[in-house]
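Chain residues, written in single-letter form:
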Amino acid sequence: METIQLEGLKETEGGYVMLSRFLSIKLSAGSSNNLTNVNSNGNLNNNNSYNSNGVVPDSLSSEQQLYCEKNSMEKETRTCGESPKPYRDASRPLDGSCYQHGSFESVIDPYSLLLAYYGCRKGVAWKGSIQRYERHLLRNISNTIKTLRSGGIVTRGFYEFDINERGKQRHIRSVHISERVVQKSLCDNALVPLLSKTLIHDNGASIKGKGTSFARKRLKVHLRRHFRKYGNNGYIVLIDCRKYFDNIPHNLLYRKLERYITDSDVMKLTRHYVDAFGDNGLGLGSQVSQISAVFYPNEIDHYAKETLGLKSYGRYMDDSYFIVPTKEEAREKLNKLEHKYAEYGLALNLKKTQIVKLSRGFTFMKGQYLLTKTGRIKAKPSKDGEIRMARKFRKFKKKQLEKEAVETTYKTWRGYWKKLGGNPRKIDYLYRELFGGAA
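Just so you know, these numbers come straight off a predicted model, no measurement behind them.

Caption draft 1: Layout of the packing of aromatic side chains. Under the definition given, this model contains 14 aromatic pairs. Ring plane angle 20 degrees and centroid distance 4.9 Å describe the contact between Trp 413 and Trp 417, whose orientation is recorded as stacked. Taken together, the residues span about one helical turn, with Trp 413 and Trp 417 both in helix 15 (residues 403-419) at a distance of 4 residues. In this structure, Trp 413 and Trp 417 share a single accessibility class: buried. Linked through ring pairs, Phe 393, Phe 396, Tyr 410, Tyr 431 and Phe 435 together constitute an aromatic cluster. The aromatic ring of Tyr 296 is capped on one face by Lys 256, whose charged end is 6.0 Å from the ring centroid. Note that Arg 271 overlies the ring of Tyr 254, its terminal NZ or CZ placed 4.2 Å from the centroid.

Next up, the structure:
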């Protein structure tokens, strides 16, 4: 029987089997099917017999450990449960540490692609495309590695659709799961580790450990820092780019990426997934586009922080701000930043870019903020979100959607609204009136 071995995957007539040396997988935490110790005489051993974390007890014999490892690996392959967790193997680490940082080998490693798949399927495992891909998971990963090693590109085109977000039409071009797995492995093992080190601390978008909550907290830190020096006498400049994703030029983006990405194969793969959206601009629905958009204005951020001396400066994707004590300084620094953005092929949205007095209050990332004379920061969500949710509930009632789906939407929105400092009592009353039940 002919056997083909490819980077930790073995293809036989019976199917695909992960080599235990490369991909020994234990049961996921919280699994209801825990391992049971069996003594050599066949009797049950109650010591560590029901470990909730699925770890093989140290007291087992080598034969029992081999059986447990094989059983857990086969179960994981058959059921495709939660993300697999590797046993430590001194001969070959499974965390990518055996490869050069940001190398092409770390991207196409079978374990990297497997973890990328489990990350991609979170929340969408019910979709038919995900289930069809998972049905032949190891075969698909093997074919992906073969294609990438031969210099090919894994792509299936786009699934295009439009969404209406807060009254704005957005065109989404979603990629197939096979391509999304490669893009996630490329970002997690090459682009993000290499590019995130160059970002300023106050860049809060799409980086692990950061996000919308981080950006709002940093805004409050900057407001308190300003108050200690100047009180609430000052101005905040809110900056917004016009059609940010659509206007990012590829030639400038590649020139900046090549300073940090030294592997030619990684750069080639990145170029292909960016060029797929045309000669100019990035598309929504691609992880490579997302990290590229986060990274592209990085030099503008450093210019604002280091050259202009704007310590109270922050950015979340294309929305940024800085705080200064006088209006004259605000206009001067904004004018310089506008010229800097123009050098990078980006134009500011003049309707949304504005200079606001701190004592009057301002809106940033769907939240309304006010710095009082005593230094207290009053924060609450914008009323537009409450109005949109009320309209959505009335549509749900008209279409007679299932109560469970409506309840999930309601609880999600309520948690988000309270986290922003809002009071959900109006929507609570509307929910009880339309669908019944307690808030």
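Caption draft 2: Inspection of empty space enclosed by the protein at higher detail. The full count for this structure, using the stated rule, is 1 cavity of 30 Å³ or more. Empty space within the largest cavity amounts to approximately 40 Å³. Around the largest cavity sit Asp 202, Gly 204, Phe 214, Ala 215, Arg 218, Gly 314, Arg 315, Tyr 316, Tyr 321 and Phe 364, which together line it. Elements supplying a minimum of two residues to the lining of the largest cavity: helix 8 (212-230) and strand 9 (313-316).

Caption draft 3: Looking closely at the sheet that holds strand 8 (residues 235-240). The sheet built from 4 strands is open, its strands ordered 9-10-8-11 with antiparallel pairing. A single partner strand is all that each edge strand has here, and the edge strands are strand 9 and strand 11 (354-357). Across the sheet, the axes of successive neighbouring strands diverge by a mean angle of 20 degrees, strand direction being ignored. Against the sheet, helix 8 touches strand 8, strand 9 and strand 10 (319-324), its axis set at about 10 degrees to strand 10.

Caption draft 4: Broad picture of the side chain of Thr 372. Topologically, Thr 372 is positioned in the loop between strand 13 (367-371) and strand 14 (377-381). When residues no more than four places from it in sequence are discounted, the contact partners of Thr 372 are Phe 227, Asn 232 and Lys 378.

Caption draft 5: Fine view of the sheet that holds strand 13. The strand order across the open sheet built from 3 strands is 12-13-14, with neighbouring strands paired in antiparallel fashion. With one partner strand each, in any of the chains shown, strand 12 (362-364) and strand 14 form the two edges of the open sheet. Across the sheet, the mean angle from the axis of one strand to that of its neighbour is 30 degrees, orientation sign disregarded. Alignment of strand 12 against strand 13, held across 3 bridges, turns out to be antiparallel. Paired with Thr 363 across the strands is Gln 368, a residue of strand 13.

Conventions adopted
- Residues numbered from 1 in each chain as written.
- Predicted model: local features only at pLDDT ≥ 70, side-chain atom pairs only at ≥ 80, totals over all residues.
- Heavy atoms only, no water.
- Phe/Tyr/Trp six-rings, centres within 6.5 Å; stacked < 30°, edge-to-face > 60°.
- Helix = DSSP H or I, 4+ residues; strand = E, 2+ residues; numbered from the N terminus.
- Buried < 20%, exposed > 50% of the residue type's maximum accessible area, 1.4 Å probe, protein only.
- Lys NZ or Arg CZ within 6 Å of the ring centre and 35° of its normal.
- 1 Å grid on protein atoms, 1.4 Å probe; cavity = no way out; pocket = protein on both sides within 12 Å on 5 of 7 lines; lining within 4 Å.
- Points joined across faces, edges and corners; volume = space filled by probe spheres on them.
- Pairing = 2+ DSSP bridges.
- Axes fitted to C-alpha atoms, helices over the stretch in contact; angles between N-to-C directions.
- Contact = heavy atoms within 4.5 Å.

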